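Remarks on the overall topology
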2 protein chains.
Amino acid sequence: MEKEIYDYLSKYIHVTKELEEELGKIDFIKRFRKGTMLLEEGKTSNECYFIIKGCVRDFYLKDGEEKTTEFYTEEQAVVPSAYGKNAASEYYIECLEDVIAGVGTPQLETEIYQKFPQVESLNRALGDAIMAKFQDTLAEFKMTSPEERYLNLIKTRPDLLQRVPQHQIASFLGITPESLSRIRKRIIKAK
Amino acid sequence: MEKEIYDYLSKYIHVTKELEEELGKIDFIKRFRKGTMLLEEGKTSNECYFIIKGCVRDFYLKDGEEKTTEFYTEEQAVVPSAYGKNAASEYYIECLEDVIAGVGTPQLETEIYQKFPQVESLNRALGDAIMAKFQDTLAEFKMTSPEERYLNLIKTRPDLLQRVPQHQIASFLGITPESLSRIRKRIIKAK
DNA sequence: CTGATTCATTGACTTAAGTTAAGAAACAGG
DNA sequence: CCTGTTTCTTAACTTAAGTCAATGAATCAG
């Protein structure tokens, strides 16, 4: 099951025999059942995840309502804001499907980085890319209507619409389930 | 004028004599006149900025309209998404006031980090903090109404309302200038 | 299999944002 | 000081999102 990690790393760096062996030695691949909370509000976080298979979401509880703010699927990294910080998390992280993921801890990271500095460089570069994507997403949010955001989602992450309940998509788009339902109707009619 | 940089760094790390001298040697403080474009759409970016004095904004051009997505003021870092990446910028960065800023380049960063690794660690930590803030801001955007966002802005960055044109605040909040004007009226009436 | 819950849709209604247009106020440059 | 521009506000109107309530479909647990 480490194959996916190996494939992923290979896209960006040359995975040496030593690194491959090292990764094989460490037992950091875990499975989580659908419904598992990887993190809860108020708790601290000492784990980050690299999704090999499955789907995960972040959500806040606001006025008793669940507000979904992010979905993570195959080949995405889930790094809680509170990760390694001894700070209370403001949100939950829930497995929407059975999940297979690589699990990282600050200790494990330090260990790997010391032996394989190229992994740290890669991680930094990926972090920068994630940051740039956040900035883009925020800009998109400020500049577009809910309908445009939904159309954009269809283009960029069509898989989500198949595997995630619609009311969670709605709050991910920042609207109510009723509004999303009407937007879908409007789009179908327009075609 | 390096004093501000020194004061800022001191908040987070011990600034040794050597580091202080080194910073004094390098001439990386620059001034920019109000109206200067620090970066334009389509251009690449080899500079990042640390604002010592003044105010700067990011904006996109969409359908001929300027869409302001971020403001930066004293003690904030402006790191274009395209910084050091040889990629074309999707947005502009403009000085809204006369600006005094520390200017960083990838070369200068490498140089400093080699001599003073603690600066690199600090930078990484600050990067993480900025990332967490982005995530928060995006979540806030999805969960709140324009009016709530405006009220929140009054609390968190009251200075902006004094130094920045209102129509730029409006697009920063993701709404039209007319809407913001009405929101303000509503709030005043409610008091 | 069945009753209960969750989910998506729809309708009626309210509220607020977008749009267009116009005018007043503030500001900048010559 | 005057003039043209930018900025902000207001109004009338349109459009769409929020809210509340009801219904049917799908899903889940016992």
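Okay, so let's go over this structure. (Residues numbered from 1 in each chain as written. Chains lettered and ligands numbered in written order. Predicted model: local features only at pLDDT ≥ 70, side-chain atom pairs only at ≥ 80, totals over all residues. Heavy atoms only, no water.)

1. Things to note about the protein's contact with DNA strand C
- Inspection of the region around DNA strand C gives 17 residues, with A:Q166, A:H167, B:E178, B:S179 and B:R182 positioned closest.
- Per the 4 Å cut-off to the protein, sugar and phosphate atoms form 74% of the nearby atoms of DNA strand C.
- Between DNA strand C and the protein, one listed contact pairs a phosphate oxygen with a side-chain N or O atom of B:T176 at 3.1 Å.
- A distance of 2.9 Å separates a base nitrogen of DNA strand C from a polar atom in the side chain of B:R182.
- Split into classes, the residues belonging to the surface near DNA strand C amount to four nonpolar, six polar and seven charged. (Near = heavy atom within 4 Å. Polar contact = N/O pair within 3.5 Å; in protein donor to acceptor, adjacent residues only side chain to side chain. Nonpolar A, V, L, I, M, F, W, Y, C, P; charged D, E, K, R; others polar.)

2. Re the sheet that holds strand β3 (residues 48–53) of chain B
Residue and element names in this part refer to chain B.
- Here we have four strands laid out as an open sheet, ordered β1-β8-β3-β6, and antiparallel in their pairing. Looking at the sheet topology across the chains shown, the edges are occupied by β1 (29–32) and β6 (77–78).
- With two bridges joining them, β3 and β6 adopt antiparallel strand pairing. By the bridge assignment, F50 is partnered in β6 with A77. (Pairing = 2+ DSSP bridges. Helix = DSSP H or I, 4+ residues; strand = E, 2+ residues; numbered from the N terminus.)

3. Observations regarding the interface of chain A and chain B
- Taken together, the 30 residues of chain A in the interface contact 30 residues of chain B.
- Carbon and sulfur atoms make up 62% of the area that chain A and chain B hide from each other, which totals about 2700 Å².
- Interface area lost by chain A to chain B is led by A:Q135, A:K142 and A:M143, which between them contribute 27%.
- A salt bridge links B:K62 to A:E148, with the shortest nitrogen-to-oxygen separation between them at 3.6 Å.
- Between the two partners, chain A and chain B, sit ten residue pairs in polar contact (both at pLDDT 80 or more).
- Those elements that provide at least two residues to the side of chain A that touches chain B are β4 (56–62), β5 (65–72), α4 (117–143) and α7 (166–173) of chain A.
- No other element matches α4(A), which puts 15 residues into the side of chain A that touches chain B.
- Here the side of chain A that touches chain B is composed, by residue class, of twelve nonpolar, eight polar and ten charged. (Contact = heavy atoms within 4.5 Å. Buried area = accessible area lost by both parts, 1.4 Å probe. Salt bridge = Lys/Arg side-chain N within 4 Å of Asp/Glu carboxyl O.)

4. Here's the deal with the relation of the copies chain A and chain B
- Mapping chain A onto chain B calls for a screw motion: a turn of 180° about the axis and a shift of 0.0 Å along it, with 0.0 Å RMSD after fitting. Here the copies are linked by what is in effect a two-fold axis.
- Comparing contact sets, 100% of the residues at the interface of chain A also lie at the interface in chain B, consistent with an isologous, same-surface contact. (Least-squares fit on C-alpha atoms with pLDDT ≥ 70 in both.)

5. What to know about the protein's contact with DNA strand D
- In the neighbourhood of DNA strand D, 17 residues make up the surrounding shell, with A:T176, A:S179, A:R182, B:Q166 and B:H167 lying closest.
- Here, DNA strand D places atoms within 4 Å of the protein, and 71% of those atoms are sugar or phosphate.
- A:S179 places a side-chain nitrogen or oxygen 2.6 Å from a phosphate oxygen of DNA strand D.
- For the surface near DNA strand D, the elements supplying multiple residues, two or more each, are α8 (177–190) of chain A together with α7 (166–173) and α8 (177–190) of chain B.

6. Details of the side chain of B:E94
Residue and element names in this part refer to chain B.
- Looking at the element boundaries, E94 is found in strand β7 (residues 92–95).
- Overall, the relative accessible area of 14% leaves E94 in the buried class.
- Only 2.7 Å separates the side chain of E94 from the side chain of R57, close enough to count as a polar contact.
- Contact partners of E94, with chain neighbours within four places excluded, come to G35, T36, M37, C55, V56, R57 and F59. (Buried < 20%, exposed > 50% of the residue type's maximum accessible area, 1.4 Å probe, protein only.)

7. Topic: the sheet that holds strand β4 (residues 56–62) of chain B
- If you walk across this open sheet you meet the four strands as β2-β7-β4-β5 (chain B), and the pairing is antiparallel. Only two strands of the sheet have a single neighbouring strand rather than two, namely β2 (37–39) and β5 (65–72) of chain B. Recorded for the sheet is a direction-independent mean angle of 35° between the axes of neighbouring strands.
- Bridging between β4(B) and β5(B) involves seven bridges; their strand directions are antiparallel. If you follow B:L61 over to β5(B), its bridge partner there is B:E66.
- Sheet contacts for α4(A): β4 and β5 of chain B; angle to β4(B), the most-contacted strand, approximately 65°. (Axes fitted to C-alpha atoms, helices over the stretch in contact; angles between N-to-C directions.)

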